[in-house]
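# Fold and geometry: a report
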Number of protein chains: 2
Amino acid sequence: MEFKVNSKDLEKLLTKIIPAVPTRTPMPILENFLFEIKDGLLTIYATDLEISLKSSLNIVAEENIKVIVPAKLLYDIVRSLSETTIHFNVSESGKIELKTDFGEYNLSYLSSDEYPDIPSFPNEDSKDDLVEISISGLELKSAFEKCAFAMGKEELRPAMMGTLFEFTEEGLRFVATDGHRLVNLLKKNIQTDIINNYIVPEKAISVLLKVLDEKEAKLYLSKTHVSFRLNDIELITRLIGQKYPDYRSVIPLENEFQMKIDSKELHNAIKRMMLFSTTNTRRVKFAITENNLEISAEDLDMGASGKEHLKCEYSDAPLEIGFNSAYVNDVLSHLSSEKKIIFRLHSPTKAVILHPAETKENEELLMLIMPVRLNA
Amino acid sequence: MEFKVNSKDLEKLLTKIIPAVPTRTPMPILENFLFEIKDGLLTIYATDLEISLKSSLNIVAEENIKVIVPAKLLYDIVRSLSETTIHFNVSESGKIELKTDFGEYNLSYLSSDEYPDIPSFPNEDSKDDLVEISISGLELKSAFEKCAFAMGKEELRPAMMGTLFEFTEEGLRFVATDGHRLVNLLKKNIQTDIINNYIVPEKAISVLLKVLDEKEAKLYLSKTHVSFRLNDIELITRLIGQKYPDYRSVIPLENEFQMKIDSKELHNAIKRMMLFSTTNTRRVKFAITENNLEISAEDLDMGASGKEHLKCEYSDAPLEIGFNSAYVNDVLSHLSSEKKIIFRLHSPTKAVILHPAETKENEELLMLIMPVRLNA
């Protein structure tokens, strides 16, 4: 059977789908795209068994087919072509020929029989508990940008390897933590009539960060899966079926000491301290006195050390506290759009809260870092 | 002792010297800068024992010192600072303190006694056979840009691990080859009264590519070393003390078939063929007939293949010849400023010559690729 497609249209499509193709997998069949033509609609799927992506393009074709083709090779060929028409010829002998005005490229295809089922969603099973909501793509993207870095990477604590979506009466709350730092972001303008929790795995979040745009995103949530339908692409992921840790219990309510400081100045200083905080704990020390923050770090192996003084607004009791400099750096990187930030502290051993000095109308953002011991 | 220096001036200086600091070395002492202050001149040296770099800066200092300091740490600190004055304080206890308006950073220094001698050049030993010439920095840079990729990497053939400087009556000829491809570039406008050959090692070439600019470069050549004095930096390298292979004997004189082709079109097509030429030989086949070039490649493991037709100017006997596609890609990358190029061929087993279709007034450029067998 034959069909033709513009090379740049196909490239755009494949660019969106390829993030779901695993690069190293014990199941080589997942390194293929599923290519389906049905009634003039070309739909391309990819999955790593956790997430699946799908997108479609109208074409002119007389027949229907469903085959799998090597994803990376097809993608590399298509994007190496300048804009042209590609004539596809799928022969019965297991070959796909791509023909342009000056070249022809042959790939082998396989039958789609062995390719895993792509969940079609919502389906009959999920009908009863299905929840459907719409969120602005940019709102969702900006939430993920603030949370994603804090998700856990340890397979022993699977619930933390995702971002919590907590639908509440106040709005939609996003929470991510790896036990050392935590992000808690409430988007008050995302109002739904749902009261429920879902944990979306890290892989889905990182792919969505690449494909979300200003278009509305439609979410279909069941007990086990969520589907994100964007303008021209659908991502389905299984949810993490674990209980999310009780993050509320780690957020201190009575951190009565408050330091207000310039976000960028502190961030630059922390980056310099990272040159010296090279041991396992990567420790940087904060010594806070009236309107003055002294940060310091020491590299005992190199016999090197650094110390800086920064202006801040602080009028509480002097306090010394240690942090992992990489974690402070991460948190500040994700607060870089804020001019001033506030640290709320209590003691050298209690979790520290950071938040923007200026609260936004529609959101509440709170980040938390666990301190490290100063005399370890 | 104390001195002060502008952070951006020092950063500029260190940026030029750090390429000589080895990143992995069995001699950790080479991971330091040699810091010398003598009569108000701060001179910084680095060496990996093959090449050494040196550059200087005038400062205000009352005393002279010579110490070694951790290169990467000092460089990272200095470039992380915004523009400011750094006050250095070198104490007798082995510490260097860098102080700015808001921070202080301490490094350990070591005595310079154990640091290897930096060759001072020209010196008494080299006086008799010393040769001194001036070359435009940009001419030298453009010559290295065309040659560098073809130098050999095999330690078993040390002479090829550098670029040949051949001073002849016609001008200065640069030659680089790894036995599979060769570049031969004659710069007719670099006229000297020397007739001699020198082999400059790869490391020196790659560092010079970073530091050469429009300023004149002064070369001092002895039998064993060469010094490149640029505007504000000096690079000294040992020469490769081997006989360069007789490159003339591998350049065929009677390649009577000639194909003229668009350089960029061919390059783009070769890049696509590289997607298919994935075996050890990375073979791409050229089938040349009247005014037509068909290039093709096959990936037997994937069951994939590609073929393209390109227009060319060719009126000799049809010829089929194979190449390593990566080598053709390399050569074409370094001819990318040429609109049309000419292939001179003879048979499927004989070396092929490539050169620009338009010859420049002041230079003769010739590249050579060895073919690979088509039926291997």
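Residues numbered from 1 in each chain as written. Chains lettered and ligands numbered in written order. Predicted model: local features only at pLDDT ≥ 70, side-chain atom pairs only at ≥ 80, totals over all residues.

## Concerning the overall build of chain A
Counting secondary structure elements, chain A contains 6 helices and 26 strands. Judged by the C-alpha coordinates and their principal axes, chain A covers about 80 × 50 × 35 Å. (Helix = DSSP H or I, 4+ residues; strand = E, 2+ residues; numbered from the N terminus.)

## Considering the sheet that holds strand β26 (residues 363-369) of chain B
All names here are of chain B. Taken together, 8 strands build an open sheet; the order of strands is β15-β12-β13-β14-β26-β25-β24-β19 and the sheet is antiparallel. Lying at the two open borders of the sheet, with one neighbouring strand each, are β15 (196-201) and β19 (257-262). Between one strand axis and the next, the sheet turns by 20° as a mean value, whatever way the strands run. The sheet contact formed by strand β13 (residues 172-177) and strand β14 (residues 181-187) spans 6 bridges and is antiparallel. Paired with Phe 174 across the bridge in β14 is Leu 185. Sheet contacts for helix α5 (residues 263-274): β19 and β24 (340-345); angle to β19, the most-contacted strand, approximately 85°. Its contacts with the sheet put helix α6 (residues 325-333) on β14, β25 (352-356) and β26, and the angle it makes with β26 is roughly 170°. (Pairing = 2+ DSSP bridges. Axes fitted to C-alpha atoms, helices over the stretch in contact; angles between N-to-C directions. Contact = placed C-beta atoms within 7 Å.)

## Thoughts on helix α5 (residues 263-274) of chain A
Spanning 12 residues, α5 of chain A covers 16 Å between terminal C-alpha atoms, matching the ideal 16 Å at 1.5 Å per step. Regarding α5 of chain A, the residues found buried are Leu 266, Ala 269, Ile 270, Arg 272 and Met 273 of chain A. Projected onto a plane normal to the axis of α5 of chain A, the buried residues spread over an arc of 160° and lie on a single side. The inward-facing, buried residues of α5 of chain A contact β19 (257-262), β20 (283-289), β21 (292-299), β22 (304-311) and α6 (325-333) of chain A together with α2 (71-80) of chain B. (Expected span 1.5 Å × (residues − 1). Buried ≥ 20, exposed ≤ 12 C-beta atoms within 10 Å, placed from the backbone. Arc of directions from axis to C-beta.)

## As for the interface of chain B and chain A
Listed per partner, the contact involves 23 residues of chain B and 23 residues of chain A. Every element with two or more residues in the side of chain B that touches chain A is listed here: α2, β9 (103-108), α5 and β22 (304-311) of chain B. Of the residues assigned to the side of chain B that touches chain A, the class counts are 9 nonpolar, 8 polar and 6 charged. Judged from the 4 bridges that link them, strand β9 (residues 103-108) of chain A and β22 of chain B form a sheet pairing that is antiparallel. Paired with Asn 106 of chain A across the strands is Ser 305 of chain B, a residue of β22 of chain B. (Nonpolar A, V, L, I, M, F, W, Y, C, P; charged D, E, K, R; others polar.)

## What to know about the relation of the copies chain B and chain A
Under the fitted operation, chain B is carried onto chain A by 0.0 Å of movement along the axis and a turn of 180°, and the coordinates agree to an RMSD of 0.0 Å. This pairing of chains is accounted for by a two-fold axis. (Least-squares fit on C-alpha atoms with pLDDT ≥ 70 in both.)

## Considerations on the environment of Ala 61 of chain B
Residues and elements named next belong to chain B. With respect to the helices and strands, Ala 61 occurs in strand β5 (residues 60-61). For the pair formed by Ala 61 and Leu 42, sequence separation is 19 residues and the distance between their alpha carbons is 9.0 Å. Discounting residues that sit within four places of it in the chain, Ala 61 has contacts with Met 1, Phe 3, Ile 37 and Gly 40.

## Focus: the pairing of β22 of chain B
All names here are of chain B. Where strand β21 (residues 292-299) and β22 come together, 8 bridges link them in antiparallel fashion. Looking across to β22, one finds that Ile 295 is bridged to Glu 308. Counted along the chain from β21 to the antiparallel partner β22, the turn is 4 residues long, and its residue Gly 303 has a positive phi close to 65°.

## Comments concerning unusual backbone geometry
Although it is not a glycine, Leu 49 of chain A adopts a positive phi angle of roughly 80°. One can find Leu 49 of chain A in the loop between β3 (41-47) and β4 (51-58).

## What about the sheet that holds strand β8 (residues 95-99) of chain A?
Pairing within the open sheet is antiparallel, and its 9 strands lie in the order β5(A)-β1(A)-β7(A)-β8(A)-β9(A)-β22(B)-β21(B)-β20(B)-β23(B). The sheet terminates laterally at β5 (60-61) of chain A together with β23 (319-324) of chain B, the two strands that pair on one side only. The sheet strands contacting α6 of chain B are β20 (283-289), β21 and β23 of chain B, and the helix crosses β23 of chain B at an angle near 85°.

## Thoughts on the domain arrangement of chain A
Residue and element names in this part refer to chain A. In terms of domain boundaries, chain A breaks down into domain 1 (2-114), domain 2 (131-248) and domain 3 (251-369). Across the contact, 9 residues belong to domain 1 and 13 residues belong to domain 2. Ranked by residue count, the leading element in the side of domain 1 that touches domain 2 is β4, at 5 residues. Split into classes, the residues belonging to the side of domain 1 that touches domain 2 amount to 4 nonpolar, 2 polar and 3 charged. (Domains from an automatic or database assignment.)

## Observations regarding helix α1 (residues 7-17) of chain B
Among all positions of α1 of chain B, only Leu 10, Leu 13, Leu 14, Lys 16 and Ile 17 of chain B are buried. Within α1 of chain B, the buried residues cover an arc of 160° as seen down the axis, which keeps them to one side.

## Overview of the packing of helix α3 (residues 137-147) of chain B against helix α4 (residues 202-211) of chain B
Residues and elements named next belong to chain B. One can describe the packing of α3 onto α4 by two numbers: an axis separation of 10 Å at closest approach and a directional angle of 130°. The angle between α3 and α4 falls in the class oblique. The two elements α3 and α4 cross, and the hand of that crossing is left-handed. Listed contacts from α4 to Lys 141, Phe 144 and Glu 145 of α3 are Ile 205, Leu 208 and Leu 209. (Parallel < 35°, antiparallel > 145°, perpendicular 65-115°, else oblique. Left-handed = near helix turned anticlockwise from the far one by under 90°.)

## Here we look at the packing of helix α1 (residues 7-17) of chain A against helix α2 (residues 71-80) of chain A
Residue and element names in this part refer to chain A. Relative orientation of the contacting elements α1 and α2 amounts to 140°, with a least axis distance of 9 Å. With respect to their mutual orientation, α1 and α2 come out oblique. The two elements α1 and α2 cross, and the hand of that crossing is left-handed. Residue-level inspection shows Ser 7, Leu 10, Glu 11 and Leu 14 of α1 in contact with α2, the latter providing Leu 74, Tyr 75, Val 78 and Arg 79. By residue class, the composition of the contact of α1 with α2 is 5 nonpolar, 1 polar and 2 charged.

## Side note on the environment of Ala 217 of chain A
All names here are of chain A. Of note, Ala 217 is situated in strand β16 (residues 216-221). Since 22 C-beta atoms lie within 10 Å of it, Ala 217 is described here as buried. Separated by 67 residues in sequence, Ala 217 and Val 284 have C-alpha atoms that sit 41 Å apart.

## Some points on the confidence of the model for chain A
Residues and elements named next belong to chain A. Across chain A, the average pLDDT comes to 94, with 98% of residues at or above 70. The secondary-structure element of chain A with the lowest mean pLDDT is β5, recorded at 89, while β19 shows the highest, at 98. Reported for the predicted complex are a pTM of 0.89 and an ipTM of 0.87. (pLDDT = per-residue confidence, 0-100.)

## Thoughts on the environment of Ala 46 of chain B
Residue and element names in this part refer to chain B. Structurally, the position occupied by Ala 46 is in strand β3 (residues 41-47). In sequence terms Ala 46 and Glu 31 are 15 residues apart; their C-alpha atoms lie 8.3 Å from each other. For Ala 46, the residues in contact, after removing those within four places along its chain, are Ile 17, Ile 18, Ala 20, Val 21, Phe 33, Ser 52, Leu 53 and Ala 71.

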